[in-house]
Amino acid sequence: MGMVADRQTSSGNGEGRYSWGFGSLIRRKQVDSIHVRREGHTQLARKLSVVDLIAIGAGATIGAGVYILVGTVAREDSGPALTISFLIAGIAAALSAFCYAELACRCPSAGSAYHYTYICVGEGFAWLVGWALILEYTIGGSAVARGITPNLALFFGGEEKLPAFLARHTIPGLGIVVDPCAAVLILIVTVLLCFGIKESTFAQTIVTTVNICALLFIIIAGGYLGFKTGWVGYEIPSGYFSFGVNGMFTGSAIVFFSYIGFDAVCSTAEEVKNPQRDLPLGIALSLSLCCILYMLVSVVIVGLVPYYDLDPDTPISSAFASYGVQWAVYIITTGAVTALCSSLLGSILPQPRILMAMARDGLLPSFFSDINEHTQVPVKGTVTSGVFAAALAFFMDVSQLAGMVSVGTLLAFTTVAVSVLILRYVPPDEVPLPSSLQKPIDSMSSRCSDDIQEIDSNSLKDLAGSCQSNSQYLHDKGDAVLGYPLIENGVAQDYQKEQKRRKIAAWNITLLCIGVLILASSASAEYLPSILRFTLCGVGGVLLLCSLIVLAYIDQDDARHSFGHTGGFACPFVPFLPAACILINTYLLIDLGAATWIRVSVWLVIGALVYVFYSRTRSFLLNAVYVSSANANEIYRSSSARMA
């Protein structure tokens, strides 16, 4: 179909070239734009500012884990070096934050990692990420809600003194412990989210502020006690690195999960007033705030009490109690409860937006994409996900499934980093258009064929899909080029060089991912013989290093400057920073353990079946016509002129 469209049919039914087989896994959608809004998608309300984003990010990140992790990690892994463990983990989380910030600016629509993966990698991989994130937010919200009950009971003097309608009960004969308080809290948060994004964010800001004030009390009061008593926790024979450097890094791997939550900021990208400016600031400031608070709290607590004397269950409260400040337990408990409440809000907020994004693409029923006209939030999706999470929290103790939460986040972090590499080196050069635009596409294709009939049609078709500037030049100046053979040859040579560069870049991105997988797998496979393990590590390391050298040497694609929404944040140190992000998150994914992966595999198999038998055949890209990016806008204009 000439230089405009590249559309291959299957079985004569007119379906697109990516309709069947493995092709559906890599079909990619365009960045949501004004054309998408013309197709009837109602947009969410743009009401969020930088302050709102900081509240969402910090609230979702600072859970009650910091009130417990300080004790367990210091006692068992890092010792007094816990502060450095938090710093290293924060730097590792910042790698993912840099990648998220660039993609959030270029693709500011709901869906977060699912949306970015669909644009840069492909539909099948995006479905996998979205399906894993649904599991993460459901189990994460239920686990957090279950954790609020025992902390809330401290205000009543124990769980046995809780009101009967909130206390946990065991169903006779079944042995199931139901938690009405957890279910009620989730339903309250669900109702709050249905009122609107600004209202729910205001509540999130209040709760997060109380939590931060509790942490500041711990830092200031603890610092005063530390200076008054001489920081006895640091005056120990084993020194600052009691467990050595390895213990410090082990502690970093554990506390890394306390930084998970800043990605909730990206799920609200469609509701931000100025996404190009505010999203990077919101991500950076919320993550920085969390890192600083974590480090200061750890400095104080391991300084007040020697790490081996810390209570693993209530390290902060016990540290203050050892100095006779028992009343501090109420402030600390208030901080823990508000931390859990803000984390609960942060867990439930993104899920309906993920469901909405998947439904907009046809991968889930359109029920989830409905947006309420008054509140401008996906009320149906919010209610559905909230009720399901409440039922899960009511009937199940999901603490054993908590490890599954990490899979969705780490998988999202990994694919986002891969998406940045693809965006920089081999950005999509074709745009899927609905089959309803077939007539304008045919008309343009016919025009271009008449104008440039002397040039080989196959070369032209590839040429149009390669480089926007060259394609537009040939479209506008076809006759002039034919009059000057030297110019024609120069354009053809430039095109061939560009195609060669893209092919080299694509192969090296693939080899980088393979190298990371081999290196991370062998590094964590302690059951393998030493020789085999080190050999595999060497092979993976060589693949990773060589692909990095090649990617650093070759030029990045010029089309990256005009891809998506321009003018926002750009991830620094590409390809090294995304590669480090991929390596760290892949290692953490593999290191989650066999039991976690067996449970997750069941969920992923269910997701694969849903995709194969439902989503793949209902995707809006099923009959899409792929045209070069250079001609998409002209086709839209031609279609609008015909309708007028």
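In this report, the structure presented in the accompanying data block is examined.

### Quick notes on the overall build of the protein
Right, on to step 1. The helix and strand inventory of the protein stands at 25 helices and five strands.
Right, on to step 2. Once local pairs closer than 6 in sequence are excluded, the contacts in the protein between residues at least 24 apart make up 84%.

### Quick notes on the pattern of salt bridges
Right, on to step 1. Applying the stated rule across the entire model yields 14 salt bridges.
Right, on to step 2. Taking the shortest distance from any N to any O, the salt bridge between R360 and E270 comes out at 2.8 Å. With a gap of 90 residues between them, R360 in helix α15 (residues 350-360) and E270 in the loop between α11 (264-267) and α12 (275-304) connect regions that are remote in the sequence. Neither R360 nor E270 differs from the other in exposure class; each is buried.
Right, on to step 3. When salt bridges that share partners are traced, they join D429, E498, R501, R502 and D557 into one network.

### Regarding a nonpolar patch on the surface
Right, on to step 1. A contiguous nonpolar patch, built from F155, F156, W327, V329 and Y330 and spanning about 530 Å² of accessible area, is present on the exposed surface.
Right, on to step 2. Relative to the helices and strands, W327 is located in the loop between α13 (315-321) and α14 (328-348).

### Some remarks on the environment of S369
Right, on to step 1. Looking at the secondary structure, you find S369 in the loop between α15 and α16 (379-395).
Right, on to step 2. Along the sequence, S369 and R353 sit 16 residues apart, while their C-alpha atoms lie 8.5 Å from each other.
Right, on to step 3. Setting aside residues no more than four positions away along its own chain, S369 makes contact with M356, A359 and R360.

### Digging into α15
It helps to recall that an α-helix has 3.6 residues per turn; residues three or four apart then point in one direction.
Right, on to step 1. Taking burial as the measure, the eleven residues of α15 include eleven buried ones, the bulk of the element.
Right, on to step 2. Every buried residue belonging to α15 is among P350, Q351, P352, R353, I354, L355, M356, A357, M358, A359 and R360, and all of these are buried.
Right, on to step 3. Within two residues after α15, G362 carries a phi angle of roughly 85 degrees, on the positive side.

### Here we look at the packing of helix α7 (residues 123-153) against helix α8 (residues 180-194)
Right, on to step 1. Close contact between α7 and α8 brings their axes to 8 Å; oriented N to C, the two are set at 120 degrees. By the angle between their directions, the pair α7 and α8 is classed as oblique. As α7 packs across α8, the resulting crossing turns out to be right-handed. Contacts between α7 and α8 involve G141, S142, A145, R146, I148, T149 and L152 from the first element and C181, A182, L185 and I186 from the second.
Right, on to step 2. Across the contact of α7 with α8, the residue classes break down as seven nonpolar, three polar and one charged.

### Brief notes about the packing of aromatic side chains
Right, on to step 1. The full count for this structure, using the stated rule, is 22 aromatic pairs.
Right, on to step 2. On the numbers, 6.3 Å between centres and 50 degrees between planes, the contact of W231 with Y234 is tilted.
Right, on to step 3. Looking at W231, the relative accessible area reads 16%, which means it is buried.
Right, on to step 4. Clustering of aromatic rings is evident, with ring pairs tying together F227, W231, Y234, Y240 and F241.

Rules used in this analysis
- Residues numbered from 1 in each chain as written.
- Predicted model: local features only at pLDDT ≥ 70, side-chain atom pairs only at ≥ 80, totals over all residues.
- Heavy atoms only, no water.
- Helix = DSSP H or I, 4+ residues; strand = E, 2+ residues; numbered from the N terminus.
- Contact = heavy atoms within 4.5 Å.
- Salt bridge = Lys/Arg side-chain N within 4 Å of Asp/Glu carboxyl O.
- Buried < 20%, exposed > 50% of the residue type's maximum accessible area, 1.4 Å probe, protein only.
- Patch = residues over 30% accessible without salt bridge, like charges linked within 9 Å, V, L, I, M, F, W, Y side chains within 5 Å.
- Areas by Shrake-Rupley, 256 points an atom, 1.4 Å probe, with all protein chains shown as cover.
- Axes fitted to C-alpha atoms, helices over the stretch in contact; angles between N-to-C directions.
- Parallel < 35°, antiparallel > 145°, perpendicular 65-115°, else oblique.
- Left-handed = near helix turned anticlockwise from the far one by under 90°.
- Nonpolar A, V, L, I, M, F, W, Y, C, P; charged D, E, K, R; others polar.
- Phe/Tyr/Trp six-rings, centres within 6.5 Å; stacked < 30°, edge-to-face > 60°.

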